[in-house]
Amino acid sequence: MVRKIMIVEDDQPILDLMDLLIRKLGYEPVLVPNGLEALELIKKEAPALVLLDIMMTPINGWEFLEKLRGEYGMRQIPVILFTASPLVDEKMEKMKDPHLGVLTKPVSLADLKAGIARYLG
Amino acid sequence: MERNIRISGYSISHTDLIRFIIIAALTLFCILITTFSISRDLETIYAQLFYFPIIYATYFYPQRGLYFAGGCAIVYEMFAYIYIFPDTGGMIYVTLQALLFVCIGAMVAYVSEKLNTSESQTRSIVEKSQLGIILFDKNDFSIRLSNTHLEHMLGYTAEDLAKMTFPQLFATQQDQQRFYDALGPGEEIANFETLFLTRKKEPVWVNLSWNRITENLISCTVVNINAFKLAKLAADEIDARYKQVSDSLPTSIIIIRNQMIVYANPSFTAFSGYEPDELLGKDPLTLIHPDDQADFTKACQLAETPSLPPARSEIRFLIKSKKTRYATLFFSTILQDESPAVLINLVDIPERESTQERAQLDKRRKRGLISTFAYELRTPLQPIMGYINLLMQDPEKYGVTEETRLILDRCAKSVDRESQIINQMLELSVIGTGKVSLEYTVFSVPELLKTIINAGKYGTEATITIDVPQDLTFDADKKKIATVLDTMLSNAVKYSMPPRTVQVIYRSSPGDPMHNLSIKDNGIGITDARLDEIFEPFSVPCPGENNMKFDKIGLSLAIAKKYIKLHGGYISVDSIKGLETTFGIHIPKQRPEEV
């Protein structure tokens, strides 16, 4: 069975790209344009991993993560912050979440593969 | 008693004359009566008449009165003997009578002397007192007594004063009224300051203190305070003028005495936010930022040395709204109400406060701005990089020919470079300043060099000789040292001239605390003027030079410098223009203790 990877991203060109890249890497992409929708879908879709953009509305990546780990109780699901912002690393390090990683845009196909492989083997 | 004391030079002799006449008349009368009575054998009844002149005389003039008594005794005896002789009993009686005259005279003289002594002492005290003394009647205010000091003070004679009432001495109706009000219930009043008028109608400031000495008599001391009062009025006027000036000054002024604020002008109250009455009596230190209290106290003490110019200090104030405000303070010592006080002139420095806040804000803004820039620059690179990767991964699927593959490869390299430049910019910007931590490990230097050379394919472009001990290890942040070495090698290869040769040389004696690794190329060289500039990020190229080549160094040397500095080392550069350039990396052999 093909594992699902949920991509939460509000930038359509990147969603379009990720659709192709994730497929290329052999996973089934679940494309979601915002955090709230992602939270609605996450139980139903049950992805193996979440690629999460940070700068989004109406809730940003951090808020999504907080709800996911808190209210939704999904503490084990790997989340890779997928961002172009340089301030993410510092904040991420403070969170000390073993199931949280970061990939800084632009990410090459090789880096993306390696990044996902860290969690999904 | 009053009548006696008021006797002065002229009137005493006048009184003496009257007394002399009285005594003489009485004596004459006694002699006549005695002679008459003795001749009629009535002596036993009338001899006692002599007591009157004797008592009168000895009372007023004790010494001379006693001689007078003796005289009277002799005269009386002489006359008596003439008539009584040779009656022995009568003679003894007369002798005893005469002796009794002297005894009575002596007794009265003694008592009078006693009385006179104390009275003359009192008179002398009052008369010679350096205070003006005046006695007046409580009911009609008539002046009963005054001393010469008072008379001189006001220019009146004793007679003038005797005809006056006490309130007439006051200069104005208001002063009189104040006096009546003060007199009313009070038995004793001290330090009642008022204006008197002299005989020449000149005003004199006096200080009155009075108390009641008998039921109707009030004794009042009068001190001339004219000079003092005029000086004080003048000083008060200066004070008032000074206060008027300081009250309207735009700069803040406070005066501190005995660790208390005794004056604060309106500018200071506005500055501090406190009401004037909240400030007065307050310890100034409660207004000073705890870190600046020592400076403030020191400046106050310095100000007490008058030879020094006003001490100046920058102090943080805690104003009422709990905010901190900066001010430059000028301390100087002044006399305030005749005691030394510290005057502080305070110049508000609102800019300072905002400068610090602005710097903080600027830093936050810069972080935000740079972060946004990076975000905006990186995001569009993602699809470019992603699609290029995709096309190159599946050339058949997307119909990519070998020629397009080459083009796509060049595109990918450009995107890589763009991405790398953004990362370098971030590393050198405020965002990179927070990341100062180094991850120390011990690693082999020859191995690291090999890895870098292989990864960068530098060996294919230049002949690289490595003169480094095979067992050389560094205790440092491997990743950062790798970045530095990569920069050095990449530059050396890039800027050497064909045939390109690059030498990596390690030199260090056992006593040398530093590792010294140099990378030498046979390159174009760098002019001395540019040697420092090449490490400056975003440096502006020298005008007139062909700087294009150096522009490609980009930010990597600045980052290399930063990384080596973080390790506690430095980068040296030595160049002969058109011949060679040597970059030296110097880092401590020992890991710093605190890391």
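Everything here concerns the structure above.
All values derive from a computational prediction rather than experimental measurement.

Thresholds, definitions, all that
- Residues numbered from 1 in each chain as written.
- Chains lettered and ligands numbered in written order.
- Predicted model: local features only at pLDDT ≥ 70, side-chain atom pairs only at ≥ 80, totals over all residues.
- Heavy atoms only, no water.
- Contact = heavy atoms within 4.5 Å.
- Buried area = accessible area lost by both parts, 1.4 Å probe.
- Salt bridge = Lys/Arg side-chain N within 4 Å of Asp/Glu carboxyl O.
- Helix = DSSP H or I, 4+ residues; strand = E, 2+ residues; numbered from the N terminus.
- Pairing = 2+ DSSP bridges.
- Axes fitted to C-alpha atoms, helices over the stretch in contact; angles between N-to-C directions.

With that out of the way, let us pick up the interface of chain A and chain B. It is common to give the size of an interface as the accessible area lost on bringing the parts into contact. At the junction of the two partners, chain A supplies 22 residues and chain B supplies 19 residues. Where chain A abuts chain B, roughly 2000 Å² becomes buried across the two surfaces, and 67% of that area is made up of carbon and sulfur atoms. Of all residues in chain A, Leu 17, Pro 86 and Pro 106 of chain A give up the largest surface area on contact with chain B, accounting jointly for 28% of the area buried on that side. The tally of links between chain A and chain B comes to one salt bridge. Note that Lys 24 of chain A is salt-bridged to Asp 394 of chain B, the shortest N-O span being 2.8 Å. Among the elements that take part in the side of chain A that touches chain B, helix α1 (residues 12–24) of chain A stands out by supplying seven residues, more than any other.

Here the focus is the sheet that holds strand β4 (residues 79–83) of chain A. Residues and elements named next belong to chain A. Spatially, the five strands line up as an open sheet ordered β2-β1-β3-β4-β5, and their pairing is parallel. At either end of the open sheet lies a strand with only one pairing partner, and these are β2 (28–32) and β5 (100–104). The average angle at which neighbouring strand axes cross in this sheet is 20°, direction not considered. Strand direction decides the pairing type here: strand β1 (residues 4–8) and strand β3 (residues 49–52), joined by four bridges, are parallel. Bridging across to β3, Val 8 finds its partner in Leu 52. Taken strand by strand, helix α4 (residues 88–95) contacts β4 and β5, and its axis lies near 170° from that of β5.

In this section: the environment of Gly 399 of chain B. Assignment of secondary structure puts Gly 399 of chain B in the loop between α16 (395–398) and α17 (402–428). Separated by 328 residues in the primary sequence, Gly 399 of chain B and Gly 71 of chain B have C-alpha atoms spaced 172 Å apart.

All names here are of chain B. Sheet topology places strand β1 (residues 132–137) next to strand β5 (residues 217–224); six bridges connect them, and they run antiparallel. Bridge pairing in β5 places Leu 135 opposite Ser 219. Where strand β4 (residues 203–212) lies against β5, seven bridges are found, and the strand directions are antiparallel. Directly across from Ser 209, in β5, lies its bridge partner Thr 221. Taken together, β4 and the strand that follows it, β5, pair antiparallel across an intervening segment of four residues.

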